[in-house]
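Listed here are the chains, written in short residue letters.
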Amino acid sequence: MNDRIAAVQGPHGNEIGGGARLYGPTVQAREVHGGIHVHPASAAPVRPVRPRQLLPVPANFTDRKSDLAALDDLRAAGLSMIVVSGPAGIGKTTLVSKWLHSLSSEFPDGQLYADLRGHAADEPVRPAEILGQFLRTLGSGPPPTDSVELASLWRSLTADRRIAIMLDNSFTAAQIRPLLLGGPGGLVVVTSRRRLTGLRMQGAGFHQLEALGPAAGVELLTRGIGAERVAEELPSAHRLVALCAGLPLAVCLASARLATRPRQSVGALADALARNAGGGRLAALEVEGETSVSKALDASYEVLSSGTARLYRTLGLLPVSTFDAMIAAAACGESPEWAERRLDELVEANLVEDVGPDTFRFHDLLRLHAHDRAVEDDADAAREEALRRFCDWCLSTATAAQELLTPVQFTLPRIYAHPPHLPLPFADEVAALGWLDSRRTQLLEAVRLAAGSGWYDTAWMLVDALWPLFLRLRHYADWIEAHEIGLRSARQAGNRTAERQMLNSGAIGLGAAGRIEEALAWYGDSLLAAREAGDLRDEGQALLGLGACHREAGRYADAVTHLDRAVSVWEGCGYPRGAALARTTLGEIALATGATGEAVDCFARAHAALVAVDDPHDAARALVFLGRARVRAGDYQEGTARMNEALAVFTGSGAAFWQARTLEMLGESAAEHGCGKAAEGFLARALALFETTSPADARRLRAGG
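As the structure is a computational prediction, the values presented were derived from the model and not from experiment. Within every chain, residues take consecutive numbers counted from 1 along the sequence as written. Per-residue local features are limited, in this predicted model, to residues with pLDDT of at least 70; the limit for side-chain atom pairs, both in listing and counting, is 80 or more; totals at the level of whole chains, interfaces and linings are taken over all residues. Values reported for side chains reflect all heavy atoms of the structure, with hydrogen atoms and water molecules removed beforehand.

Draft legend 1. Structural detail: unusual backbone geometry. With a phi close to 55 degrees, Asn-169 is a non-glycine residue in the positive phi region. Helix and strand assignments come from DSSP, with helices taken as H or I runs of at least 4 residues and strands as E runs of at least 2, each series counted from the N terminus. When you line up the elements, Asn-169 lands in strand β6 (residues 164–170). Each residue is assigned to one of three classes by its accessible area relative to the maximum for its type, calculated with a 1.4 Å probe on protein chains only: buried under 20%, partly exposed between the two thresholds, exposed over 50%. You can call Asn-169 buried: its relative accessible area is 14%. With a phi close to 55 degrees, Leu-196 is a non-glycine residue in the positive phi region. Along the polypeptide, Leu-196 turns up in the loop between β7 (187–192) and β8 (205–208).

Right, dumping it as structure tokens:
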């Protein structure tokens with residue numbers, strides 16, 4: 001008997017011995033201690049399977065009820081072939097075995113099982129070998145040697161039989177097609193780490209098996225080490241299951257380690273897994289004599305094409321939780337089309353998940369495995385190049401977004417180790433801001449990666465490129481952290497111009513977040529550095545910031561002194577945009593102190609200058625303040641018209657924070673004009689936007705000002 005075919009698989013993909021079997025009307029099966037134990041229902045002699053698996057299989061996984069129901073639905077739809085797919089260790093064999101045993105009465109002519117060994121170290125089993133074994137099991141006599149005759153005899157013999165077949169660990173659709181039954185009364189269930197979408201042509205239905213949820217994972221752990229032990233350390237048990245990424249195989253292996261170490265706490269094993277972020281965690285999830293998670297994933301990896309294997313390793317290096325074809329192409333230095341084809345292969349192999357439109361991710365243990373394979377298979381230089389390419393693409397694309405969103409703003413030159421040549425993922429301002437916001441976490445990880453790798457110029461340039469994101473959407477914590485990294489990086493790079501840029505834009509974030517004294521310190525350092533370098537534009541920027549901070553602190557006299565000096569410096573060096581920004585802040589002070597006429601003049605001059613230099617965002621800021629000042633001066637219609645005009649600009653550009661500020665001013669103006677219902681509507685809309693862009697302003701507004 002060929003044991004490559006005949007070996008019966010245990011519920012977690014572990015070989016447990018025995019032969020290819022026919023479970024017919026004379027036998028019934030139940031699961032005990034991780035194996036299939038066969039009991040004769042008649043006097044017919046049946047050799048039982050001897051279980052080798054250490055771990056118990058739960059009789060009822062909470063999270064698998066929905067999977068069993070999904071298989072029932074596919075069966076009810078009249079399908080004669082079902083493919084159950086999922087990554088290594090996810091529990092495909094357990095699920096299908098349990099389900100088929102529940103259907104034994106529907107298949108009076110028996111149930112057959114074969115392991116196709118699609119991910120074994122040697123070659124997958126040939127269909128002819130399986131057909132020969134099946135035919136012998138069905139008692140057809142010596143099977144023919146010719147593969148065509150074998151297939152013909154198989155179809156003829158099964159044409160009128162009500163039989164179920166489980167084809168475990170399948171590798172390709174071509175491996176399955178010759179094994180299909182000859183008649184409509186049977187059922188073929190295929191398990192595979194690949195999705196085998198090619199079987200759609202044969203009318204297959206598909207079910208993708210996902211990771212266990214926390215409750216089912218803890219239930220599985222409980223069955224391995226006992227309810228009392230789990231109850232004593234329930235938080236640690238949940239953490240251990242989370243570190244196993246919801247893979248039943250991983251939970252079972254962790255359970256086995258604990259079962260053989262009764263004095264070890266659950267928390268100690270969880271701590272050990274958490275400390276071992278890479279191969280150490282996978283190595284810890286191994287029990288002598290059992291299949292390890294690492295080995296199971298190695299088997300899936302080793303059958304990938306060379307380009308797909310390279311992409312898998314590269315993605316494992318990247319500091320991102322999700323990725324798309326563009327990130328994959330950039331990190332590998334390839335085209336988007338190249339990346340799309342190989343991502344499709346990884347999805348088909350269930351090594352990455354397709355979680356949205358052009359969005360993919362790893363399960364945690366798969367990410368660790370991919371990272372470990374990169375460390376093992378790729379040279380240091382190759383790994384560094386992939387990470388550098390990722391950072392350069394982030395910098396290039398964010399810079400393109402910056403140029404769209406703030407075209408009049410001064411931008412320092414960019415340098416690249418690997419200049420990317422990929423199409424931009426956006427075409428206009430709204431899409432550019434949306435891209436920056438949706439990729440915010442990835443971009444910040446690129447900043448951290450660049451700084452941590454010693455690519456200091458790349459780090460501060462990335463922070464500089466993210467300016468429109470911080471300015472428009474006000475993610476204060478990210479704004480401040482990024483500029484702290486950017487400032488350190490600029491200093492490490494010895495670039496004093498970049499240092500001043502980081503000081504100024506970082507101080508704006510500190511001030512906007514209400515950390516006024518820290519902002520004053522950063523602006524003070526910037527002012528000294530600008531004067532030392534003789535840079536009048538940067539000197540004006542520092543003076544503007546100092547004035548804004550003093551205004552925020554209520555020190556209006558100090559604020560006006562610094563702001564007047566900023567206007568003088570900028571007009572002296574021919575920078576009208578800077579002077580207009582300073583006048584906007586002077587107008588805010590005048591408005592706050594009741595000097596309405598002065599405020600209208602400041603805002604009007606600032607608006608005209610900003611329109612002239614084609615700065616629509618800051619022009620709209622001046623315009624909304626101008627509208628508010630006109631309302632305060634008694635011209636409600638004109639003032640609200642100006643504010644609504646500014647609101648349209650902010651809405652069109654996606655500047656949510658300034659939409660909220662404008663709506664708040666419209667609400668205040670409506671309340672002062674006696675329009676209570678309109679005021680409530682404006683303020684409710686402002687509050688909703690502040691909740692996501694500026695929690696501090698949301699709290700202020702809820703408190704009544």
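Having seen it, we continue.
Draft legend 2. Spotlight on the packing of aromatic side chains. Pairing of aromatic rings covers Phe, Tyr and Trp, the last counted by its six-membered ring, and requires centre-to-centre distances within 6.5 Å; plane angles under 30 degrees mean stacked, over 60 mean edge-to-face, and any other angle means tilted. This model, assessed by the stated rule, comprises 16 aromatic pairs. Centroid distance Phe-134 to Trp-154: 5.5 Å. Interplanar angle 35 degrees. Geometry classified as tilted. Of this pair, Phe-134 sits in helix α4 (residues 127–137) while Trp-154 sits in helix α5 (residues 147–158), placing them 20 residues apart in sequence. Here the two residues Phe-134 and Trp-154 agree in accessibility, since each one is buried. One aromatic cluster is present, built from ring pairs that chain together Phe-603, Phe-625, Phe-650, Phe-657, Trp-658 and Phe-690. Both a distance and an angle decide whether a charge sits over a ring: NZ of Lys or CZ of Arg must be within 6 Å of the ring centre and within 35 degrees of the ring normal. Lying over the aromatic face of Phe-657, Arg-474 brings its terminal NZ or CZ to 4.4 Å of the ring centre. Lying across the ring of Tyr-575, Arg-537 places its NZ or CZ 4.0 Å from the centre.

Draft legend 3. Quick peek at the packing of helix α25 (residues 516–533) against helix α26 (residues 536–552). To define axes, lines are fitted to C-alpha atoms, for helices over the stretch in contact only, and angles between the resulting N-to-C directions are given on a 0 to 180 degree scale. Orientation of α25 relative to α26, taken along the N-to-C sense of each, is 160 degrees, at an axis distance of 8 Å. What the angle tells us is that α25 and α26 run roughly antiparallel. Viewed along their axes, α25 and α26 form a crossing whose handedness is left-handed. Contacts between α25 and α26 involve Ile-516, Ala-519, Leu-520, Tyr-523, Gly-524, Ser-526, Leu-527, Ala-530 and Arg-531 from the first element and Asp-538, Glu-539, Gln-541, Ala-542, Leu-543, Gly-545, Leu-546, Cys-549, His-550 and Glu-552 from the second. Of the residues in the contact of α25 with α26, the class split is ten nonpolar, five polar and four charged. Angle categories: roughly parallel below 35 degrees, roughly antiparallel above 145, roughly perpendicular from 65 to 115, and oblique for all the rest. With the far helix as reference, a near helix turned anticlockwise by less than a right angle produces a left-handed crossing, and one turned clockwise produces a right-handed crossing. The contact criterion used throughout is that any non-hydrogen atoms of two residues lie within 4.5 Å. Three classes are used: nonpolar for Ala, Val, Leu, Ile, Met, Phe, Trp, Tyr, Cys and Pro, charged for Asp, Glu, Lys and Arg, and polar for all others, with Gly counted as polar.

Draft legend 4. Local environment of the packing of helix α18 (residues 380–405) against helix α19 (residues 429–438). Orientation of α18 relative to α19, taken along the N-to-C sense of each, is 140 degrees, at an axis distance of 9 Å. Comparing their axes, α19 and α18 come out oblique. For the crossing formed where α18 meets α19, the hand is left-handed. Two secondary-structure elements touch here, α18 through Trp-393, Thr-397, Ala-398, Ala-401, Leu-404 and Leu-405 and α19 through Glu-429, Ala-432, Leu-433, Trp-435 and Leu-436. Here the residues of the contact of α18 with α19 sort into nine nonpolar, one polar and one charged.

Draft legend 5. A look at a negative patch on the surface. Residues enter patches when they are more than 30% accessible in relative terms and free of salt bridges; like-charged ones are connected within 9 Å and nonpolar ones (Val, Leu, Ile, Met, Phe, Trp, Tyr) within 5 Å. The protein chains shown are the only cover counted for residues, whose accessible areas, like all others here, come from Shrake-Rupley with a 1.4 Å probe. A pair is scored as a salt bridge if a Lys or Arg side-chain nitrogen falls within 4 Å of a carboxyl oxygen belonging to Asp or Glu. Only four residue types enter the tally: Lys and Arg on the positive side, Asp and Glu on the negative side; His and the chain ends are excluded. To locate a charge, take atom NZ for lysine, CZ for arginine, CG for aspartate or CD for glutamate. A surface patch of like charges, here negative, comprises Glu-337, Glu-340, Asp-344, Asp-354 and Asp-358. For the negative patch, the leading source of residues is helix α16 (residues 336–348), giving three residues. With respect to the element layout, Asp-358 can be found in the loop between β10 (353–356) and β11 (359–361).

Draft legend 6. Layout of the nonpolar core. Buried Ala, Val, Leu, Ile, Met, Phe, Trp, Tyr and Cys residues that are joined via side-chain atoms within 4.5 Å together make up what is termed a nonpolar core. Ranked by size, the top nonpolar core spans 143 residues in total, and within it Tyr-312, Leu-315, Phe-323, Leu-343, Leu-346, Phe-390 and Leu-436 carry the most contacts. Counting residues per element, this core draws most heavily on α18, at ten residues. The residues touching Leu-343, leaving out its near neighbours within four places in the chain, are Leu-311, Leu-315, Phe-323, Asp-324, Ala-325, Ala-328, Val-352 and Phe-360. Ranked by size, the runner-up nonpolar core spans 43 residues in total, among them Leu-95, Leu-243, Ala-254 and Val-266.

Draft legend 7. Layout of the side chain of Arg-342. Checked against the element boundaries, Arg-342 lands in helix α16. Lacking a salt bridge, the buried Arg-342 has Glu-345 as its closest oppositely charged neighbour, with an N-O distance of 6.1 Å. With residues near it in sequence (within four places) discarded, Arg-342 still touches Gly-307, Thr-308 and Leu-311.

Draft legend 8. Up close: the pairing of strand β5 (residues 111–115). Of all five residues in β5, five are buried, a share of seventy percent or more. A two-sided burial pattern is seen for β5, the buried positions comprising Gln-111, Tyr-113 and Asp-115 on one face and Leu-112 and Ala-114 on the other. Between any two strands, at least two bridges found by DSSP are needed for them to pair. The sheet contact formed by β5 and β6 spans five bridges and is parallel. Among the inter-strand pairings, Leu-112 is bridged to a residue of β6, identified as Ile-165.

Draft legend 9. The pattern of salt bridges, seen in detail. Applying the stated criterion to the full structure yields 36 salt bridges. As a salt-bridge pair, Arg-628 and Glu-668 come within 3.7 Å of each other at their nearest N and O atoms. Of the two residues, Arg-628 is situated in helix α30 (residues 616–632) and Glu-668 in helix α32 (residues 656–672); the sequence distance between them amounts to 40 residues. Exposure remark for Arg-628: the relative accessible area of 6% places this residue in the buried category. Close ionic contact of Arg-661 with Glu-664 constitutes a salt bridge, the shortest N to O distance being 3.5 Å. Here the residue Arg-661 and the residue Glu-664 both occupy positions in helix α32, the gap between them amounting to three residues, near one helical turn. The buried category is assigned to Arg-661, whose relative accessible area is 18%. For Glu-664, a relative accessible area of 2% puts it in the buried group.

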